[in-house]
Amino acid sequence: MGEIFVVVEHRKGEVREITYQLFWKADELCQKLSHTLTAVLFGGKDEGLVNGIKERADRVIVFEDERVANFNGDLYKELLAGLIQEHRPFLTLMGHTPWGMDFAPALSIRTGYPLATDCVDILVEDGRPKAVRQIYTGKIFSRVAFKDSQGYLVTVRSGAFPIDKAGEHKGEVVKKDLPADLPEARRLFVAFEDAAAGAIDITQADLLVSIGRGVGEADKIPVMQELADRMGAVLSCSRPVVDKNWLPKYHQVGTSGKSVKPKVYLAFGISGAFQHVAGISGAGCVIAVNKDKKAPIFRVADYGVVEDLFKVADALKAKMG
Amino acid sequence: MEIIVCVKRVPLTQEVDLEINPQKTDIRKDMLAYSINEWDNYAIEEAVLLKEKHGGNVTAVTVGSEEDEEVLRRCLAMGADKAIRIDPGKLSLDSVAVSKTLAQVIKGMPHDLVLTGVQADDVNEGSVGTMVAELLGLAHASVVRAVDSEGDGATVRVELEGGVDEVSKIKTPALLCIQTGINEPRYVSIMGIRKAAKKELNVVKVEDLGLPLEDLAPWTTVEQLYLPPETEGAEFIEGDPATVAEAILRILKEKGVSK
């Protein structure tokens with residue numbers, strides 16, 4: 001009987017949703033393979049978060065130390081490498097999040113365990129895991145095989161699995177001290193800052209006119225702003241528009257921007273990368289206008305229009321008089 | 001300040017119908033146009049900006065064939081001082097093997113900062129940067145959207161979810177994985193690329209790096225590519241723009257959001 005590790009991610013006193021998604025998948029695999037589920041939690045002194053996750057794992061290994069009270073990729077990697085050497089878990093699941101991306105590849109090199117990143121599913125065939133990934137902005141799926149190894153590492157895409165509880169666990173808590181020879185972290189946390197505060201709040205709008213890379217150039221922003229104004233909508237956008245400085249960050253919808261829940265989301269020239277789509281799962285109705293019939297946005301939209309977005313924008317203005 | 005930037009040439013796949021090759025291990029790339037990976041374009045710009053501020057040298061490195069030199073020439077035109085292409089020959093390298101060859105080359109060069117893009121716009125693994133850091137024993141940060149270099153360290157701003165940034169201090173030498181939007185990459189003209197042709201571009205063969213060949217065996221392999229499973233997807237509204245506009249306004253009215 002082997003073990004599956006889930007690395008707990010938390011911020012500002014709350015366990016991140018990705019962690020529960022990892023638990024869900026780990027549960028499924030543990031049942032299938034008769035493995036036990038071990039959660040690994042890094043926290044401060046008398047870490048209270050352990051209570052919230054106990055019921056999701058057979059064992060919670062918790063490192064309580066101010067040095068790991070906040071995320072620290074250097075120390076997570078060191079401590080996990082030690083723990084992996086000790087336990088030899090069959091599988092270690094981590095979030096494909098900014099934090100997971102920060103230590104998982106280093107952990108792979110460190111342990112010699114192969115890593116598949118950004119996975120949307122994990123299969124097990126002949127005792128070996130296989131990872132399912134999406135590549136080329138989700139246009140192609142890829143099944144990835146690992147080299148033979150004692151254990152395997154996987155980072156999971158946010159939203160790939162449900163958050164529900166799928167098994168009963170006794171949740172034995174095992175407290176661990178940081179080893180005396182733990183190296184000093186080379187990167188130290190300073191502060192969290194809100195980078196998306198601003199003049200408008202896209203999360204409260206009932207109707208969003210949202211623009212993406214397809215808008216093409218900065219000069220075209222006023223055209224779409226005018227359309228939004230005429231429709232009584234708020235203007236939002238996808239990441240490339242903010243990257244190019246065409247709109248400030250507080251307009252951005254998606255994983256690294258805001259999650260929105262309008263009654264109608266009107267997407268113009270947005271291809272629909274998963275980071276964007278994750279931000280509109282709460283929208284009542286999605287209407288997408290895009291020249292590319294194969295754009296992934298059409299897989300999640302309720303209505304689709306394959307057309308030049310400016311032609312549709314102009315026609316909408318004309319109809320509204 | 002000595003800065004090394006790892007870059008990659010990738011196919012442009014937005015608004016393109018992709019086909020899978022007969023072996024089902026890759027997409028058909030013969031008809032695709034190529035460009036520098038978007039994240040790497042921001043990384044090279046950041047390196048040049050840091051050099052302009054603090055002095056020093058920027059070296060661009062790629063692992064690839066002669067065709068991939070195109071992105072190195074672009075980096076040279078943007079302000080890199082020299083470029084290195086690591087030629088894998090007939091070897092097919094996974095991200096671990098690519099990281100090992102990059103680390104092997106970088107090890108022999110002075111470096112205060114190593115920059116990579118967060119990920120590449122092809123298979124989106126996002127692992128090479130942090131793997132190179134670990135192989136070189138460097139401090140690192142991923143998803144970096146601001147860098148302020150000072151003395152023997154730097155203040156970095158990492159982009160988290162939900163519009164939250166994490167500010168941290170990192171010791172140098174360090175490796176930073178650069179996020180898009182960190183700067184505004186400069187325009188590169190044909191003339192600029194021509195001028196940069198005089199700059200140094202060296203080619204190193206993988207077999208000359210002193211890495212045992214078995215060390216470059218893949219840790220992961222693509223077993224099979226396939227098209228996404230069919231979903232119901234959108235109901236398409238057909239017709240000329242006027243008809244489409246009418247239909248959209250009707251939906252807005254139904255949903256109670258028409259003005």
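Reading the values: the criteria
- Residues numbered from 1 in each chain as written.
- Chains lettered and ligands numbered in written order.
- Predicted model: local features only at pLDDT ≥ 70, side-chain atom pairs only at ≥ 80, totals over all residues.
- Buried ≥ 20, exposed ≤ 12 C-beta atoms within 10 Å, placed from the backbone.
- Helix = DSSP H or I, 4+ residues; strand = E, 2+ residues; numbered from the N terminus.
- Pairing = 2+ DSSP bridges.
- Core = buried A, V, L, I, M, F, W, Y, C linked by C-beta atoms within 7 Å.
- Contact = placed C-beta atoms within 7 Å.
- Axes fitted to C-alpha atoms, helices over the stretch in contact; angles between N-to-C directions.
- Parallel < 35°, antiparallel > 145°, perpendicular 65-115°, else oblique.
- Left-handed = near helix turned anticlockwise from the far one by under 90°.

Draft legend 1. The arrangement of the pairing of strand 6 (residues 91-95) of chain A in detail. All names here are of chain A. Judged by how many residues are buried, strand 6 sits mostly within the fold: five of five residues are covered. Burial along strand 6 is two-sided: Leu-91, Leu-93 and Gly-95 and Thr-92 and Met-94, pointing in opposite directions, are all buried. As paired strands, strand 1 (residues 3-7) and strand 6 are joined by three bridges and run parallel to one another. Among the inter-strand pairings, Phe-5 is bridged to a residue of strand 6, identified as Thr-92. Relative to strand 10 (residues 152-156), strand 6 runs parallel, the two sharing five bridges. Opposite Leu-91, over in strand 10, you have Tyr-152 as the bridge partner.

Draft legend 2. Highlighting the nonpolar core. Within the largest apolar cluster, 125 residues are counted, with the highest numbers of intra-cluster contacts made by Val-6 and Leu-93 of chain A together with Val-5, Cys-75 and Leu-176 of chain B. Sequence-distant contacts of Leu-176 of chain B, defined by excluding residues within four places in its chain, comprise Leu-113, Leu-115, His-140, Ala-141, Val-144, Val-147 and Val-156 of chain B. Of all hydrophobic cores here, the second largest spans 54 residues; its members include Met-231, Val-241, Ala-283 and Tyr-303 of chain A.

Draft legend 3. The arrangement of the pairing of strand 13 (residues 207-211) of chain A in detail. All names here are of chain A. Counting buried positions over the five residues of strand 13 gives five, a clear majority of the element. Side chains Leu-207, Val-209 and Ile-211 of strand 13 all project onto a buried face; the interleaved residues Leu-208 and Ser-210 project onto the opposite face, where all are buried too. As defined by bridge partners, strand 13 adjoins strand 15 (residues 264-268) across five bridges and the pair is classed as parallel. When the sheet's bridge partners are listed, Ser-210 is paired in strand 15 with Ala-267. Sheet analysis places strand 13 next to strand 14 (residues 234-237), joined by four bridges and oriented parallel. Along strand 14, the bridge assignment pairs Val-209 with Leu-235.

Draft legend 4. Quick look at the packing of helix 4 (residues 98-111) of chain A against helix 4 (residues 128-136) of chain B. Running from amino to carboxyl end, helix 4 of chain A crosses helix 4 of chain B at an angle of 50°, the nearest separation of the two axes being 8 Å. Put simply, helix 4 of chain A runs oblique to helix 4 of chain B. Along this stretch, helix 4 of chain A crosses helix 4 of chain B, giving a crossing that reads as right-handed. Between helix 4 of chain A and helix 4 of chain B, the residues in contact are Asp-102, Pro-105, Ala-106, Ser-108, Ile-109 and Arg-110 of chain A and Thr-130, Met-131, Ala-133, Glu-134 and Leu-135 of chain B, respectively.

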